[in-house]
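Per-entry structural report
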Amino acid sequence: MNELKRTPIYAILSGFSPADLPGVGTFYDFFDRLWPAVDKNLRPRMQHKRKGKKKGKKKGEKAPTTTPGRVERLVKWMMRHTDKPTVLPADRLFHFFQSQILSVSANLGLLGDISALSAAGDGTPVVTSAYPRSKPTCDCRARGIADCDHHRLYSQPDCNSGWDSAREKYFNGYHLYMISAADSKHDLPLYPRLHPASRHDAVSLVMSTVEFKQRFALGTVDKMLLDAAHDAESIYLLLTHQGMEPFIDLNVRSKRNTASKGVVRFRFHPQGFRFAQTEIQ
Ligand SMILES: [Zn+2]
């Protein structure tokens, strides 16, 4: 509101005359329309204290997929439930994004061949605060009990802490998982989705791709390109089930590879390609 007043270009971009701005209440009414849910968060504010497990992680390494079983269970659950579309609070925002932005890009040919799109999926950290903020709901501390397991009240319950493999540090916030159009030089986003920071790329992909498939109405995605963090059997299964051909980097940690210089190796997989690319030295 204040910004619109001070920066007329924001007012004009928002469709207002700088001399005739709506009142603050109107903005709140408008926000409510964009997020048609009673709670402004996806997760409850009352949560147990999270106990961070510090794992030894090396530079550039993705968080270890220590729970391939978890990804597999999620995939199986998703494959049973994909026919019943879920309703998400962010649906109206995506509808707006698809009808007013994606469709324009598609018509201009900026997304590539819309009848056979190649998409890529990857996650990136979004830092929101230096520390997760929470208040106790009990008085254990005052009574001298140091480490209780009662609920705490979190001010940003959809955020938590996760490992940033590029910067080699933990961070608090979200994990922005982006499905983008990979066939054109523009790499435009198709489905941006915020997940909690702790969520692994593979888990984020499974949720994002199922949600995206249910909502994307402008064309067909027939190839999905993913990095080694997604190299799990169940992900091949899910993407194939969704009618996409998976292209996934080999995970050098889970599979033993004999790297040969300057060679691009393809390993055939019943449900797509697995490929490993070694740099020419
Ligand atoms: Zn307590």
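Here the structure is a predicted model, which means the values were calculated and not measured.

Conventions used here
Residues numbered from 1 in each chain as written. Predicted model: local features only at pLDDT ≥ 70, side-chain atom pairs only at ≥ 80, totals over all residues. Heavy atoms only, no water. Core = buried A, V, L, I, M, F, W, Y, C linked by side-chain atoms within 4.5 Å. Buried < 20%, exposed > 50% of the residue type's maximum accessible area, 1.4 Å probe, protein only. Helix = DSSP H or I, 4+ residues; strand = E, 2+ residues; numbered from the N terminus. Contact = heavy atoms within 4.5 Å. Donors = N, O, S within 2.8 Å, 3.2 Å for Na, K, Ca; no water. Tetrahedral: all angles 85-135°; square planar, octahedral: opposite > 155°, others 65-115°. Patch = residues over 30% accessible without salt bridge, like charges linked within 9 Å, V, L, I, M, F, W, Y side chains within 5 Å. Areas by Shrake-Rupley, 256 points an atom, 1.4 Å probe, with all protein chains shown as cover. Salt bridge = Lys/Arg side-chain N within 4 Å of Asp/Glu carboxyl O. Phe/Tyr/Trp six-rings, centres within 6.5 Å; stacked < 30°, edge-to-face > 60°. Pairing = 2+ DSSP bridges. Polar contact = N/O pair within 3.5 Å; in protein donor to acceptor, adjacent residues only side chain to side chain. Right-handed = clockwise from strand over helix to strand, strands pointing away.

**Some points on the nonpolar core**
What tends to happen in soluble globular proteins is that the nonpolar side chains get buried as a cluster. One finds Ile179, Leu190, Met224, Leu226 and Ile235 to be the most contacted residues of the largest nonpolar core, which totals 33 residues. Taken together, the elements giving at least two residues each to this core come down to α4 (68-81), α5 (91-107), β2 (117-129), β6 (169-181), β7 (189-196), α6 (201-215), β8 (221-226) and α7 (233-241). Among the elements that make up this core, the one with the highest residue count is α6 (seven residues). Beyond its immediate sequence surroundings of up to four residues, Ile179 is in contact with Ala119, Ala120, Gly121, Pro189, Leu190, Tyr191, Ser208, Thr209, Phe212 and Met224.

**Details of the coordination of the zinc ion**
Looking at the metal site, the zinc ion is ligated by Cys138 (SG), Cys140 (SG), Cys148 (SG) and His150 (ND1), spaced 1.9 to 2.3 Å from it. Every donor counted, the four donor atoms about the zinc ion form angles of 101 to 115 degrees at the centre, which fits tetrahedral coordination. Here the donor residues of the zinc ion are spaced in sequence according to C-x1-C-x7-C-x1-H. Cys140 sits in the buried class, given a relative accessible area of 3%.

**Thoughts on a nonpolar patch on the surface**
A grouping of Met1, Val24, Tyr28, Phe30 and Phe31 is seen on the molecular surface, where their side chains present a nonpolar patch of about 510 Å² in accessible area. Note on placement: Phe30 falls in helix α3 (residues 24-34).

**Re the packing of aromatic side chains**
In total, this model carries seven aromatic pairs according to the counting rule given. The rings of Phe94, Phe97, Tyr191, Phe212 and Phe216 are connected pair by pair, giving a single aromatic cluster.

**Observations concerning the pairing of strand β4 (residues 151-154)**
As defined by bridge partners, strand β1 (residues 46-48) adjoins β4 across three bridges and the pair is classed as antiparallel. Among the inter-strand pairings, Met46 is bridged to a residue of β4, identified as Leu153. In this sheet, β4 lies alongside strand β3 (residues 134-136) in antiparallel orientation, the contact comprising three bridges. Within β4, the residue paired with Ser134 across the bridge is Tyr154.

**Quick notes on the environment of Tyr191**
Residue position: Tyr191 is located in strand β7. Note on Tyr191: relative accessible area 4%, which makes it buried. In contact with Tyr191, not counting residues within four places along its chain, are Leu88, Phe94, Tyr177, Met178, Ile179, Ser208, Glu211, Phe212 and Arg215. Only 2.7 Å separates the side chain of Tyr191 from the side chain of Glu211, close enough to count as a polar contact.

**Things to note about the pairing of strand β9 (residues 245-249)**
When β8 meets β9, the two strands line up parallel, connected through four bridges. Looking at the pairing, Lys223 lines up with Glu245 of β9. For the segment spanning β8, α7 and β9, crossover handedness is right-handed.

**Concerning the pattern of salt bridges**
A full pass over the atoms with the stated rule returns seven salt bridges. The residue Asp91 makes a salt bridge to Arg215 at a minimum N-O spacing of 2.6 Å. Residue Asp91 is found in helix α5, and its partner Arg215 is found in helix α6; the two are separated by 124 residues along the sequence. Arg215 gets classed as buried once you look at its relative accessible area, which sits at 11%.

Keep in mind these values describe shape, not function.
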